[in-house]
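Residues per chain, in single letters:
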Amino acid sequence: MKTKLLLPVILLFSIFLTACSGGNTNNASGNNGSKAKTDDVIKMVWYPNESGENLKASRDEIGRLISEATGKKVEHQLTTDYAIAIETLVNNKADLAFTGAQSYVEANKRNKAVQPIAVKTGESGTLDDAKYHSWLAVNVDKQDKFKENGKFSLDTLANTKFSFVSNSSTSGFKVPSQNIIAHFSKQQKYANLTQEDLMQGGPLFSQVLFGNSHQGSAVNLLSGKADVAAFCDTCVKDYVEVSKGEANKVGSVYRVKDGAAEPFNTVVGKEFTLMSVTPVLNEPFVANKDSLGQEDFDKIQALFTSDDFANNEKIFAPEGSGKTALYAKKGKERLVAVEDKWYDPIRELSK
């Protein structure tokens, strides 16, 4: 009697184990201690900066090309928060992402399976000038408050309302906060100033805001919520234009374009000027190699670094074309393969 009852139980338990194993799915161990699985769907997570409707054509085209290269379905995961995107990638819930340099470094520290696939070059077509710019900006009509002897001075940041992007943003937090600390820590009053202080306001700012995207930080400034804001040039390129001076030069003035899409539609015509400009290493496309698998990693890397990808106008909008895409192409810009160690300078900012 006991033997007859035991056989169905063993059979049921065997079926349960087979179902939980995912059938023919290949398992790989993630470096964060959890199990990753490769399957027939490639999940790609996008930061808030690239999750807007204005870049849908670029996202769809990249997804289509990845699907063609791998034979797998591509699902896009749009986010409203940097932390969510990082968690998704680190915890094997996403295979690919387009991140900032600091976010990549953070993700790689937590899970070594997260590795860079490719990064956009500079106009030379090489990594020698693969940089974008971190800005500190102020409203044009208030700019004199941030000058000493006719020149912009970081000393004027004390007791202001300041907007960062996210504490995981390279150009919207890590770089500007390091510059601010390096400047103010020379003064006895701020000798022990830390990044945590800047996140909370601390002894320096009267109030700290986070825009949760570069666009959001810029709008915090232009709407009057903040006196000074940190954000980057590439993330607002589709919304603003130089109205005075040269691009990425201290003192140059930018104006929000007529017909600008959300969230800039509420501040059309408003102007800001640059009080600080700092070069930053370009953002990488990254992959969780445990969940994606080496074979698909190699296929996608070959796709991203191909001439066809570089010449695809849905991804690289030609300069002066008036088109909106993930990248505004200048010169010989393209994606090239990059190794983890290329981001060591960003790691140094956290030490």
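Small disclaimer: the values here were computed from a predicted structure and weren't measured. (Residues numbered from 1 in each chain as written. Predicted model: local features only at pLDDT ≥ 70, side-chain atom pairs only at ≥ 80, totals over all residues. Heavy atoms only, no water.)

1. Some details on the packing of helix H3 (residues 82-90) against helix H4 (residues 101-110)
Here is step 1: Across the interface, H3 lies against H4 with an axial gap of 10 Å and an inter-helix angle of 35 degrees. The chirality of how H3 crosses H4 is right-handed. Mapping the contact onto sequence places Tyr-82, Ile-86, Glu-87, Leu-89 and Val-90 in H3 and Ser-103, Glu-106, Ala-107 and Arg-110 in H4.
Here is step 2: Split by residue class, the contact of H3 with H4 holds five nonpolar, one polar and three charged. (Axes fitted to C-alpha atoms, helices over the stretch in contact; angles between N-to-C directions. Helix = DSSP H or I, 4+ residues; strand = E, 2+ residues; numbered from the N terminus. Left-handed = near helix turned anticlockwise from the far one by under 90°. Contact = heavy atoms within 4.5 Å. Nonpolar A, V, L, I, M, F, W, Y, C, P; charged D, E, K, R; others polar.)

2. Notes on helix H5 (residues 170-184)
Here is step 1: Taking 1.5 Å of rise per residue, the 15 residues of H5 would be expected to cover 21 Å, and the 20 Å separating its terminal C-alpha atoms lies within 8% of that figure.
Here is step 2: Within H5, 11 of the 15 residues are buried, leaving the element largely enclosed by the surrounding structure.
Here is step 3: Sitting at the head of H5, Ser-169 places a side-chain oxygen 2.8 Å from the backbone nitrogen of Gly-172. (Expected span 1.5 Å × (residues − 1). Buried < 20%, exposed > 50% of the residue type's maximum accessible area, 1.4 Å probe, protein only. Polar contact = N/O pair within 3.5 Å; in protein donor to acceptor, adjacent residues only side chain to side chain.)

3. Some words on the environment of Leu-154
Here is step 1: When you line up the elements, Leu-154 lands in the loop between strand E9 (151-152) and strand E10 (161-164).
Here is step 2: For Leu-154 and Ile-180, which are 26 residues apart along the polypeptide, the C-alpha to C-alpha distance reads 7.2 Å.
Here is step 3: Setting aside residues up to four positions removed in sequence, Leu-154 forms contacts with Leu-136, Asn-179, His-183, Phe-184 and Met-275.

4. A few points about the sheet that holds strand E19 (residues 335-337)
Here is step 1: The strand order across the open sheet built from six strands is E4-E3-E5-E16-E6-E19, with neighbouring strands paired in mixed fashion. The strands lining the two open edges of the sheet, one partner per strand, are strand E4 (73-78) and E19. Along the sheet, successive strands turn relative to each other by an average axial angle of 25 degrees, direction set aside.
Here is step 2: Where strand E6 (residues 114-120) lies against strand E16 (residues 284-288), five bridges are found, and the strand directions are antiparallel. Residue pairing for E16: Val-114 is matched across the bridge by Asn-288.
Here is step 3: Strands E6 and E16 of the sheet are contacted by H4, whose axis makes an angle of about 160 degrees with E6.
Here is step 4: The sheet contacts of helix H9 (residues 294-304) involve strand E3 (41-46), strand E5 (96-98), E6, E16 and E19, and relative to E6 the element is tilted by about 10 degrees. (Pairing = 2+ DSSP bridges.)

Taken by themselves, the reported measurements are silent on function.
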